[in-house]
Amino acid sequence: MSTPVIGVLALQGDVREHLIALAAADAVARPVRRPEELAEVDGLVIPGGESTTISKLAVLFGLMEPLRARVRDGLPVYGTCAGMIMLADKILDPRSGQETVGGIDMIVRRNAFGRQNESFEAAVDVTGVEGDPVEGVFIRAPWVESVGAGTEVLAEHKGHIVAVRQGNALATSFHPELTGDHRVHGLFVDMVRADRTPESL
């Protein structure tokens, strides 16, 4: 099978780290800034950064509606930290004018684990990732307050949901792209491969 092409939404945030992690997980990784670039990818990563800024830039660049349409149509998508917020159907405490792409039936709380100086690392057991726990890097991280019936909880930390999946949409509160461990990206690349394989239907 040909190597999947996975975009990284390159409006703001840690884009380069995701491009490196995806390439290490055997995908062709490309930055996505325009609707025509979005149309050419088999999957998309929405990186960490500042969710309000990403939201406003997505609207400014004409990407918000195409993003919503492709996610609604089943595009495999993975959001980390701010990307998790972007994939939430509802934010508990949105800033004024903040919009989301949606796609995961969950309610997310922004900055739930504290401010920048309260960032931390913790070992996280993630369903679907084999081997040792994933080293989760939590930077002004959200957590998931609640999920709908169709959303699978993949990981928790101290009683709070920090990784979820609904269909072709995956989200984590933490940043696996910062650790050199590419297993979570590998899980997402496998999701994209399965989506492109008719036999998987």
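Structural data are supplied above this passage.
Computed from a predicted structure; not experimentally measured. Sequence positions are assigned chain by chain, starting from 1 and proceeding in written order. Residues qualify for local features only when their pLDDT is at least 70, as the model is predicted, and side-chain atom pairs are given and counted only at 80 or more; totals for whole chains, interfaces and linings, by contrast, use all residues. The basis for every side-chain value is the complete set of heavy atoms in the structure, and neither hydrogens nor water enter the calculation.

This part covers the side chain of Thr151. Mapping Thr151 onto the fold places it in the loop between strand S9 (143–147) and strand S10 (152–157). A polar contact is formed between the side chain of Thr151 and the side chain of Gln166, at a distance of 3.0 Å. The contact rule is simple, with two residues in contact once any of their heavy atoms fall within 4.5 Å. Not counting residues within four places of it along the chain, the set of residues in contact with Thr151 comprises Ile104, Asp105, Val164, Arg165 and Gln166. Only DSSP runs of H or I with at least four residues qualify as helices, and only runs of E with at least two residues qualify as strands; both kinds are numbered from the N terminus onward. Counting of polar contacts relies on pairs of N or O atoms within 3.5 Å, with two restrictions inside protein: one atom must be capable of donating a hydrogen and the other of accepting it, and residues adjacent in sequence are counted only when both atoms are side-chain atoms.

Here the focus is the pattern of salt bridges. Salt bridge, as used here, is a side-chain nitrogen of Lys or Arg placed within 4 Å of a carboxyl oxygen of Asp or Glu. All chains considered together, the criterion is met by nine salt bridges. Arg68 is the partner of Glu99 in a salt bridge, and the nearest nitrogen-oxygen pair spans 2.8 Å. In this pair, Glu99 is assigned in the loop between strand S5 (88–91) and strand S6 (104–109) and Arg68 in helix H4 (residues 64–72), connecting sequence segments 31 residues apart. Of the residues examined, Glu99 reaches a relative accessible area of 31% and is grouped as partly exposed. Working definition: with a 1.4 Å probe on protein chains only, accessible area under 20% of the residue-type maximum means buried, over 50% means exposed, and in between means partly exposed.

Attention now moves to the pairing of strand S3 (residues 43–46). Here S3 shows no split at all, with Gly43 and Val45 on one side and Leu44 and Ile46 on the other all buried. Strands were regarded as paired on the criterion that DSSP finds at least two bridges between them. The sheet contact formed by strand S1 (residues 5–9) and S3 spans three bridges and is parallel. Bridging across to S3, Val8 finds its partner in Val45. Bridging between S3 and strand S4 (residues 77–80) involves three bridges; their strand directions are parallel. Bridging from a neighbouring strand, Val45 pairs with Tyr78 of S4.

Aromatic pairs are defined between Phe, Tyr and Trp rings, using the six-membered ring for Trp, whenever the two ring centres lie within 6.5 Å; interplanar angles under 30 degrees are classed as stacked, those over 60 as edge-to-face, and all others as tilted. On inspection of all chains with the given rule, the structure shows six aromatic pairs. Pairing Tyr78 with Phe188 gives two aromatic rings, centres 5.8 Å apart and planes at 45°, and the pair type is tilted. Of this pair, Tyr78 sits in strand S4 while Phe188 sits in helix H6 (residues 183–195); the two residues are 110 residues apart in sequence, bridging distant segments of the chain. For the pair Tyr78 and Phe188, a shared accessibility class is recorded, and that class is buried. With a centroid separation of 5.0 Å and 85° between ring planes, the pair formed by Phe113 and Trp143 is classed as edge-to-face. Residue Phe113 is found in the loop between S6 and strand S7 (120–124), and its partner Trp143 is found in strand S9; the two are separated by 30 residues along the sequence. You can call Trp143 buried: its relative accessible area is 15%. What links up through ring pairs into an aromatic cluster is the set Phe113, Phe120, Phe138, Trp143 and Phe174.

These figures come from the coordinates and say nothing about function on their own.
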